[in-house]
Amino acid sequence: MNLPPLPEGFRGLIFDCDGTLVETLPAHVQALKDALEPFGLRPTIEWARSKYGQTPATVLLALDNEVGRIPVPHREVLRTWAMNYGRNLHLLEQITPVCDIARQWRGRVPMAVASNGQRSNVEATLHAVGLLSLFDAVAAIEDVKEGKPAPDLFLAAARKIGVSPEDCVVFEDSEEGMEAAARAGMRAVRVPMYVPGEPGQAD
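Residues numbered from 1 in each chain as written. Predicted model: local features only at pLDDT ≥ 70, side-chain atom pairs only at ≥ 80, totals over all residues. Heavy atoms only, no water.

## Section: the domain arrangement of the protein chain
Thought 1: Looking at the protein chain, the domain boundaries give domain 1 (12-24 + 92-190) and domain 2 (25-90).
Thought 2: The gap between the C-alpha centroids of domain 1 and domain 2 is 22 Å.
Thought 3: Listed per partner, the contact involves 19 residues of domain 1 and 16 residues of domain 2.
Thought 4: A buried area of about 1,400 Å², summed over both sides, lies between domain 1 and domain 2, and 50% of it is on carbon and sulfur atoms.
Thought 5: Considering only the surface of domain 1 that becomes buried against domain 2, T24, L92 and N121 emerge as the three largest contributors, covering 36% of it.
Thought 6: Here domain 1 is connected to domain 2 by 1 salt bridge.
Thought 7: Linking R49 and E23 is a salt bridge whose minimum nitrogen-to-oxygen distance equals 3.7 Å.
Thought 8: Counting across the domain 1 and domain 2 interface gives 9 residue pairs in polar contact (both at pLDDT 80 or more). (Domains from an automatic or database assignment. Contact = heavy atoms within 4.5 Å. Buried area = accessible area lost by both parts, 1.4 Å probe. Salt bridge = Lys/Arg side-chain N within 4 Å of Asp/Glu carboxyl O. Polar contact = N/O pair within 3.5 Å; in protein donor to acceptor, adjacent residues only side chain to side chain.)

## Brief notes about the environment of Q30
Thought 1: Along the chain, Q30 turns up in helix 1 (residues 25-36).
Thought 2: In this structure, the C-alpha to C-alpha distance between Q30 and V122, residues 92 residues apart in sequence, is 16 Å. (Helix = DSSP H or I, 4+ residues; strand = E, 2+ residues; numbered from the N terminus.)

Next comes the structure, spelled out in structure tokens:
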């Protein structure tokens, strides 16, 4: 994985989590499949990858429209999905080139994670792969009214680390995230799609 160089003159770094710092798709897909199995709904990994980076609530709305109607309130599925995800942390992989940048800048500039995910999942993910202690703050979907592509999460992360948006650089893998960074007035580094097994990608 080749990353573009960091822009000059930044004072803070903000990282997306899923698909940027950590490959979480297998863990999320298994957790969602297990939550939906009682209802006979079986999203494929290809379908799930097309929704990667969206909020869990948005994913379930898309599932209703594209896979099949969920016959219970979405909040019940969200709760089960989060619980199941906690059992799948062994499936996570660090995306090493991005994690190495976070390690390089730890203590030199304030750093945050800003994710469309639920806080419990985001913090469990970072803890499971040994990254949580690198960051000064985490902004999750519970912190804002709207997730990406709205700018709210990145603006919340910037506030948490005390850095002006124009002085922040974002690392993102999704179109929604790149749009959110632009709308927040932040520069961004696009992280290429993670390919399992590619040399130098994960420890």
